[in-house]
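Listed below, chain by chain, are the residues.
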Amino acid sequence: MGTGDFICISMTGGAPWGFRLQGGKEQKEPLRVAKIRSQSKASRSGLCEGDEVVSINGNPCADLTYPEVIKLMESITDSLQMLVKRRVDAPFLFLEDQFHLPSLQRLLGYTSLLIATLANQLMG
């Protein structure tokens, strides 16, 4: 995966989320955000083009094909949480202004999502 920062992205309200993915196991490419629609839930959440998707709602994406990812995305009805890895050289976003949660609560959310992702990898 290379060097980068892990970021937890949360969206609510159901599809459309406002982003497009590319890659997947069958393409031998990491799953990445290819496009973000302006004024979308994805753009307001801080998701960036080029982000590598590590997990979706706690489900690791490294071994999923693109069709499996689409099936997973279609099964999500209200709340989407993504753990993404952002390249170190990617533009930095100040997400503090976009969230109303205290820093510790946000950190615990990131930790919980990372733990769920790792647990799913170990069990899968």
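Residues numbered from 1 in each chain as written. Predicted model: local features only at pLDDT ≥ 70, side-chain atom pairs only at ≥ 80, totals over all residues. Heavy atoms only, no water.

Student: Could you give an account of the pattern of salt bridges, naming the residues involved and the relevant values?
Tutor: Taken as a whole, this structure holds two salt bridges when the rule is applied. For Glu52, the salt bridge is made with Arg32, and the minimal N-O distance between the two is 3.7 Å. Residue Glu52 is found in strand S4 (residues 52-56), and its partner Arg32 is found in strand S3 (residues 29-36); the two are separated by 20 residues along the sequence. For Glu52, a relative accessible area of 7% corresponds to the buried category. Judged by relative accessible area, Arg32 falls into the partly exposed class, the value being 26%. Its salt-bridge partner being Asp51, residue Arg86 comes within 2.7 Å of it at the nearest N-O pair. Of the two residues, Arg86 is situated in strand S6 (residues 79-87) and Asp51 in the loop between helix H1 (41-45) and S4; the sequence distance between them amounts to 35 residues. An identical accessibility class is assigned to Arg86 and Asp51; each is buried. (Salt bridge = Lys/Arg side-chain N within 4 Å of Asp/Glu carboxyl O. Helix = DSSP H or I, 4+ residues; strand = E, 2+ residues; numbered from the N terminus. Buried < 20%, exposed > 50% of the residue type's maximum accessible area, 1.4 Å probe, protein only.)

Student: Can you explain unusual backbone geometry? Please cite residues and give values.
Tutor: Only a minority of non-glycine residues have a phi that is not negative, and only a minority of peptide bonds are not trans. Pro16 follows Ala15 through a cis peptide bond whose omega is 5 degrees. Take Pro16: it is sitting in the loop between strand S1 (4-12) and strand S2 (19-24). Phi angles above zero are rare outside glycine, and Lys28 is one such case at about 55 degrees. With respect to the element layout, Lys28 can be found in the loop between S2 and S3. The phi dihedral of Gln39 falls on the positive side, at around 60 degrees, and the residue is not glycine. Relative to the elements of secondary structure, Gln39 occurs in the loop between S3 and H1.

Student: I'd like a rundown of the pairing of S3, residues and numbers included.
Tutor: Here S2 pairs with S3 via five bridges, running antiparallel. What sits directly across from Gln22, in S3, is Arg32. With antiparallel pairing between neighbouring strands as the criterion, S2 and S3 make up a hairpin whose turn holds four residues, including Lys28 at a positive phi of roughly 55 degrees. (Pairing = 2+ DSSP bridges.)

Student: Please give an account of the nonpolar core that cites residues and values.
Tutor: Ranked by size, the top nonpolar core spans 22 residues in total, and within it Met11, Phe19, Leu47, Val53, Ile56, Leu80 and Met82 carry the most contacts. Within the residue set of this core, elements represented by two or more residues are S1, S2, S3, S4, helix H2 (66-74) and S6. (Core = buried A, V, L, I, M, F, W, Y, C linked by side-chain atoms within 4.5 Å.)

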